[in-house]
Amino acid sequence: MAVRVEGQTFYLETKNTLYQMKADHYGVLKHLWYGVKTGQDMEYLLDYPDVGFSGNIYDADRDRAYSQDTMPLEYATEGVGDFRIPAVGVRYENGASALDLRYEGYRIEDGKYAIPGLPAVYAEEYEAQTLEITLKDVVSDIRVVLKYGVLPDFDVITRSAVIVNDGSQTVMVNKAHSLCLDIPYGKWEWIHFHGRHLKERTPERRPLLHGVQQSSSKRGISSHHQNPTVLLCKEGCTETSGTCIGAALMYSGCFQTQIEYDQLNQTRLVMGINTHMFCWELKPGERFYTPEAILSMSSTGFETLSHQFHRVIREHVCRGKYKLIERPVLINNWEATYFDFNEEKLVEIARGAAELGVDMLVMDDGWFGQRDNDDAGLGDWYVNRDKLPGGLESLVAKVNDLGMDFGIWFEPEMISENSDLYRAHPEWVVRIPGRKPVRGRYQLVLDMSRPDVRDYLFDVMSRILNCANIRYVKWDFNRSVSDWYSELLPSGRQKEMPHRFVLGLYDLLERLTQAFPDVLFEGCCGGGGRFDAGVLYYCPQIWCSDDTDAFERTQIQYGTSFFYPISTIGSHVSAVPNHQTGRTTSVKARGVTAMAGTFGYELDLNKLLPEEKAEVKKQIGLFKEYGPLIHNGKYYRLSNPFEDQYAVWEYVSSDAKKVLVQGMIFRTEPNMLRYPIYLRGLDPEKKYRLREDGIIYSGNALMNGGILIPKAWGDYVPVEMYLEAIDG
């Protein structure tokens with residue numbers, strides 16, 4: 001059993017970890033342990049003195065050592081003497097805001113809970129167990145149901161909470177975080193993933209400071225600037241050794257991760273919806289569901305933790321036809337043409353791509369409305385007949401005749417002021433009455449909290465997807481959201497809108513992905529601005545970054561890999577000089593980097609030199625051979641591209657018989673030894689033959705002695721080595 005209860009002590013056990021909590025004699029739910037299995041009730045570690053200025057609950061009477069301000073709590077509240085960051089907060093009609101939650105009961109069931117209207121990890125009854133612990137306020141009829149999904153084989157525990165108003169008065173929920181984790185002992189460091197447009201998910205590791213530190217987004221999206229993931233690790237933790245804990249929030253909007261290192265050198269992590277633009281009116285009989293957080297722990301370094309997240313996201317977050325099968329190699333016309341295209345030009349791009357083995361043409365922005373630049377047309381999802389006189393039917397048929405599938409770009413949540421839709425429905429725009437709205441990329445945002453907006457988008461997108469043989473949708477979102485206001489909400493409830501916007505997005509995605517199960521949906525937000533586990537529930541891949549420079553991508557994809565599986569990372573070969581950096585790299589270097597993802601092209605292949613076309617044809621063939629290994633194998637980070645002069649990574653099949661090493665040498669230096677690369681995940685008893693030269697190595701030698709990195713001449717030199725186990 002993954003969940004067991006002894007008295008009022010709860011044990012959540014996975015293959016390698018133990019999560020333990022206890023409702024004490026006052027009914028306070030205390031957190032006892034999250035770490036390796038111990039076979040022990042860990043409450044013996046909680047020995048707290050009387051700490052000055054840390055008050056005591058009234059029930060404790062003269063026990064001055066009992067304080068919620070010092071002890072580890074399972075779900076921290078406010079107004080009860082705990083002055084650290086809370087996970088939940090409410091305000092009553094009389095203005096008071098205390099919430100004193102005490103244990104009321106529990107329930108265990110086989111399988112994994114779901115969350116109405118929100119994405120969540122899913123599992124069969126035999127794969128998971130759910131624990132629900134109900135806490136009730138000592139005065140009001142507010143209850144909080146803590147939900148834990150335990151997936152033992154994955155070493156994963158999910159967290160969510162339901163806030164229930166069983167009273168007769170309306171309350172305002174002003175904080176509703178999904179995860180609260182108190183760690184009483186140890187010196188921890190914090191890794192978050194920051195960045196900006198074209199520079200996403202850069203890992204930054206810092207010792208915890210006394211006080212509160214946080215990463216968050218107020219942009220209406222999870223953002224390029226911070227990712228809704230966090231790592232806590234012990235000092236000295238590496239890829240292959242040391243203790244680390246990871247959490248990923250399945251949420252695509254304004255999020256908040258807060259960490260407090262308190263007066264007693266204890267660590268508290270809370271994670272959930274950003275409180276900056278959140279307040280929810282909870283009427284009698286209503287419930288509020290928080291998004292889900294995925295939690296995992298490793299005692300053997302970041303590599304193990306990444307494997308656990310990769311597996312659960314790939315197998316139990318991603319859904320539908322495409323979650324495990326190989327994806328098509330595609331070519332996108334955006335960097336080849338931008339807005340300047342017509343049917344003839346697209347067919348010519350497709351013809352050249354088909355000759356080299358590309359599977360799909362994706363038509364990007366500019367095919368609809370009066371969309372000749374980014375100043376008009378968004379919202380008018382009908383074909384621009386000046387560019388495509390035969391409509392999508394003619395274009396798609398011609399592409400199909402070349403043996404290729406067809407995909408299309410949408411930016412559903414956006415609207416141009418110069419559009420038929422805006423002229424018909426200005427009330428559908430996110431804007432504050434009486435104020436000029438903030439523009440981003442000359443566009444405004446549709447109010448996704450409105451059912452009529454979602455119905456319109458579902459109808460027009462369905463009409464497009466039904467009119468021709470369309471197999472792929474790139475779903476974009478090219479600005480941050482501001483001017484939060486909805487005409488459907490009263491003045492006192494406007495802070496509900498950012499969350500309602502995300503719920504509306506999920507509702508539309510669910511309707512479309514269920515209506516078109518054979519269409520591959522790819523998430524995009526100016527590249528990686530909405531790269532999160534919430535989107536992956538609907539779209540099994542996300543465009544990783546608008547920066548397609550091969551060197552830059554080694555760093556962006558490195559940071560992304562800590563939580564997200566390679567099969568979810570959209571990555572393409574683009575033109576040179578690169579359109580974002582001006583850097584020139586070889587076709588092979590660009591191909592090797594792009595293979596660490598879904599793989600495709602973002603240029604006009606007809607413009608390549610003959611030898612470059614030959615290289616493209618070769619790398620497409622290799623990717624179709626390597627694809628199952630890249631997407632299904634275990635992924636290993638063999639270097640840190642922010643610190644080393646090279647980026648190298650590795651894939652190993654589940655049976656340890658196939659090994660692919662890829663990467664890039666950034667800079668060549670004279671008169672120096674070649675670097676040995678130490679492989680991981682091999683069978684030490686097996687013999688492996690290197691395809692490139694036929695040399696045979698033992699698994700033990702490759703992991704302990706390493707393999708020399710190839711000789712390099714010039715900068716940005718690709719690395720590619722394929723090894724296969726041999727008999728005998």
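The structure under discussion appears in the preceding block.
### Observations regarding the overall build of the protein
Moving on, step 1. Summing up its helical and strand segments, the protein has 12 helices and 39 strands in all.
Moving on, step 2. In summary, the protein has a C-alpha radius of gyration of 27 Å against a globular reference of 27 Å for 728 residues, a match within 12%.
Moving on, step 3. Within the protein, contacts between residues at least 6 apart in sequence are counted, and of these 69% link residues at least 24 apart.
Moving on, step 4. When the accessible area of the protein is evaluated, it comes to approximately 26800 Å², of which 49% is carbon and sulfur surface.
Moving on, step 5. Taken as two groups, the 79 positive and 100 negative side-chain charges of the protein have centres that lie 1 Å from each other.

### Some thoughts on the sheet that holds strand S33 (residues 646-652)
Remark on secondary structure: sheet strands pair via backbone hydrogen bonds, oriented parallel or antiparallel.
Moving on, step 1. The strand order S32-S33-S34-S39-S36-S37 describes an open sheet built from six strands, whose pairing is antiparallel. Two strands lie at the open edges of the sheet, namely strand S32 (634-637) and strand S37 (696-698), each paired on one side alone. Between one strand and the next, the sheet's axes are offset by a mean angle of 25°, whatever the strand orientation.
Moving on, step 2. Where strand S34 (residues 658-665) and strand S39 (residues 717-726) come together, eight bridges link them in antiparallel fashion. Counterpart to valine 661 in the pairing with S39 is methionine 721.
Moving on, step 3. Strand contacts of helix H9 (residues 550-560): S32, S33 and S34, with the helix running at about 125° to S34, the strand carrying the most contacts.

### Considering the environment of threonine 77
Moving on, step 1. Considering the arrangement of structural elements, one finds threonine 77 in the loop between strand S4 (29-36) and strand S5 (88-91).
Moving on, step 2. A sequence separation of 575 residues divides threonine 77 from valine 652, and the C-alpha atoms of the two residues are 45 Å apart.
Moving on, step 3. In this structure the side chain of threonine 77 is engaged in a polar contact, spanning 2.6 Å, whose partner is the backbone oxygen of leucine 99.

### Things to note about the layout of surface pockets
Once rolled over the atoms, a probe with the size of a water molecule shows which space is left empty.
Moving on, step 1. Looking at the largest pocket, its volume works out to about 600 Å³.
Moving on, step 2. If you list the elements that add at least two residues to the lining of the largest pocket, you get helix H1 (302-316), helix H11 (610-632) and S32.
Moving on, step 3. No other element matches the eight residues that H1 contributes to the lining of the largest pocket.
Moving on, step 4. A breakdown of the residues in the lining of the largest pocket according to their chemical character gives nine nonpolar, 11 polar and eight charged.
Moving on, step 5. When its volume is computed, the second largest pocket comes out at roughly 480 Å³.
Moving on, step 6. What lines the second largest pocket is a set of 28 residues, among which His197, Arg441, Asn478, Gly526 and Asp546 lie closest to the centre.

### Notes on the pattern of salt bridges
Moving on, step 1. Counted by the stated rule, this structure contains 53 salt bridges.
Moving on, step 2. Here lysine 387 and aspartate 372 are joined by a salt bridge, their closest N and O atoms 3.6 Å apart. Separated by 15 residues along the polypeptide, lysine 387 in the loop between strand S22 (360-363) and helix H4 (391-401) and aspartate 372 in the loop between S22 and H4 bring together distant segments of the chain.
Moving on, step 3. The partner of aspartate 549 in a salt bridge is arginine 583, and the shortest N-O contact between them spans 2.7 Å. With aspartate 549 in the loop between strand S28 (541-543) and H9 and arginine 583 in the loop between strand S30 (573-574) and helix H10 (587-594), this residue pair connects regions lying 34 residues apart in the sequence.
Moving on, step 4. Residue aspartate 549 is classed as buried on the basis of its relative accessible area, which comes to 1%.

### Here's the deal with the packing of helix H3 (residues 343-356) against H4
Moving on, step 1. Between H3 and H4, the least distance of the axes is 10 Å, while the angle of their chain directions is 20°. What the angle tells us is that H3 and H4 run roughly parallel. Viewed along their axes, H3 and H4 form a crossing whose handedness is right-handed. Every residue of H4 that contacts H3 at Glu343, Leu346, Val347 and Ala350 is listed here: Gly391, Ser394, Leu395, Lys398 and Val399.
Moving on, step 2. The residue makeup of the contact of H3 with H4, split by class, is five nonpolar, two polar and two charged.

### A word on the packing of aromatic side chains
Moving on, step 1. The tally for this structure, following the rule as stated, stands at 36 aromatic pairs.
Moving on, step 2. When the centroid spacing of 4.8 Å and the interplanar angle of 90° are considered together, the rings of phenylalanine 551 and phenylalanine 666 count as edge-to-face. Of this pair, phenylalanine 551 sits in helix H9 while phenylalanine 666 sits in the loop between S34 and strand S35 (676-677), and the two are 115 residues apart along the sequence. In terms of burial, phenylalanine 551 and phenylalanine 666 fall into one category: buried.
Moving on, step 3. Through a chain of ring-to-ring contacts, the aromatic side chains of Phe193, Phe302, Phe309, Tyr558, Phe562, Phe563 and Phe642 assemble into a single cluster.
Moving on, step 4. Residue placement shows lysine 112 over the ring face of tyrosine 113; its charged tip is 3.5 Å from the ring centre.
Moving on, step 5. Across the ring face of tryptophan 543, the terminal group of arginine 553 is positioned such that the distance to the ring centre comes to 4.8 Å.

### Describing the environment of tyrosine 19
Moving on, step 1. Along the chain, tyrosine 19 falls in strand S3 (residues 17-23).
Moving on, step 2. Take tyrosine 19: its relative accessible area is 0%, and that puts it in the buried class.
Moving on, step 3. Of the polar contacts made by the side chain of tyrosine 19, one reaches the side chain of glutamate 74; its length is 2.5 Å.

### So, the pairing of strand S14 (residues 229-234)
One face of the sheet, then the other: side chains in a regular strand alternate in exactly this way.
Moving on, step 1. Taking burial as the measure, the six residues of S14 include five buried ones, the bulk of the element.
Moving on, step 2. Strand direction decides the pairing type here: strand S11 (residues 188-196) and S14, joined by four bridges, are antiparallel. By the bridge assignment, tryptophan 188 is partnered in S14 with lysine 234.
Moving on, step 3. Summarising the sheet, S14 and strand S15 (residues 244-250) pair through five bridges and their orientation is antiparallel. When the bridges of S15 are listed, leucine 231 appears paired with glycine 246.

### Structural notes on H10
Moving on, step 1. Buried residues dominate H10, accounting for seven of its eight residues.
Moving on, step 2. The set of residues buried in H10 consists of Val587, Ala589, Arg590, Gly591, Val592, Thr593 and Ala594.
Moving on, step 3. Here the buried face of H10 lies against H9, S30, H11, S33, S34 and S39.

### Let's talk about the nonpolar core
Moving on, step 1. Formed by 206 residues in total, the largest nonpolar core has its most connected members in Met363, Trp367, Leu392, Phe406, Ile408, Tyr601 and Leu605.
Moving on, step 2. No other element matches helix H7 (residues 497-515), which puts eight residues into this core.
Moving on, step 3. In contact with leucine 392, other than residues within four places in its own chain, are Met363, Val383, Ala397, Phe406, Ile408, Ile464, Cys467, Ala468 and Ile470.
Moving on, step 4. One finds Val661, Leu702, Val717 and Met721 within the second-largest nonpolar core, a separate group that totals 21 residues.

### Details of unusual backbone geometry
Moving on, step 1. Look at the link from valine 576 to proline 577: it is a cis peptide, with omega at -5°.
Moving on, step 2. Inspection of the secondary structure puts proline 577 in the loop between S30 and H10.
Moving on, step 3. The backbone of serine 223 shows a phi angle near 95°, a positive value even though the residue is not glycine.
Moving on, step 4. Checked against the element boundaries, serine 223 lands in the loop between strand S13 (211-216) and S14.
Moving on, step 5. Positioned with a positive phi, arginine 441 is a non-glycine residue whose angle comes to about 55°.
Moving on, step 6. Relative to the helices and strands, arginine 441 is located in the loop between helix H5 (420-424) and strand S25 (444-445).

Parameters at a glance
Residues numbered from 1 in each chain as written. Predicted model: local features only at pLDDT ≥ 70, side-chain atom pairs only at ≥ 80, totals over all residues. Heavy atoms only, no water. Helix = DSSP H or I, 4+ residues; strand = E, 2+ residues; numbered from the N terminus. Rg over C-alpha atoms; globule rule 2.2 N^0.38 Å. Contact = heavy atoms within 4.5 Å. Areas by Shrake-Rupley, 256 points an atom, 1.4 Å probe, with all protein chains shown as cover. Lys, Arg positive; Asp, Glu negative; His and termini not counted. Charge placed at Lys NZ, Arg CZ, Asp CG, Glu CD. Pairing = 2+ DSSP bridges. Axes fitted to C-alpha atoms, helices over the stretch in contact; angles between N-to-C directions. Polar contact = N/O pair within 3.5 Å; in protein donor to acceptor, adjacent residues only side chain to side chain. 1 Å grid on protein atoms, 1.4 Å probe; cavity = no way out; pocket = protein on both sides within 12 Å on 5 of 7 lines; lining within 4 Å. Points joined across faces, edges and corners; volume = space filled by probe spheres on them. Nonpolar A, V, L, I, M, F, W, Y, C, P; charged D, E, K, R; others polar. Salt bridge = Lys/Arg side-chain N within 4 Å of Asp/Glu carboxyl O. Buried < 20%, exposed > 50% of the residue type's maximum accessible area, 1.4 Å probe, protein only. Parallel < 35°, antiparallel > 145°, perpendicular 65-115°, else oblique. Left-handed = near helix turned anticlockwise from the far one by under 90°. Phe/Tyr/Trp six-rings, centres within 6.5 Å; stacked < 30°, edge-to-face > 60°. Lys NZ or Arg CZ within 6 Å of the ring centre and 35° of its normal. Core = buried A, V, L, I, M, F, W, Y, C linked by side-chain atoms within 4.5 Å.

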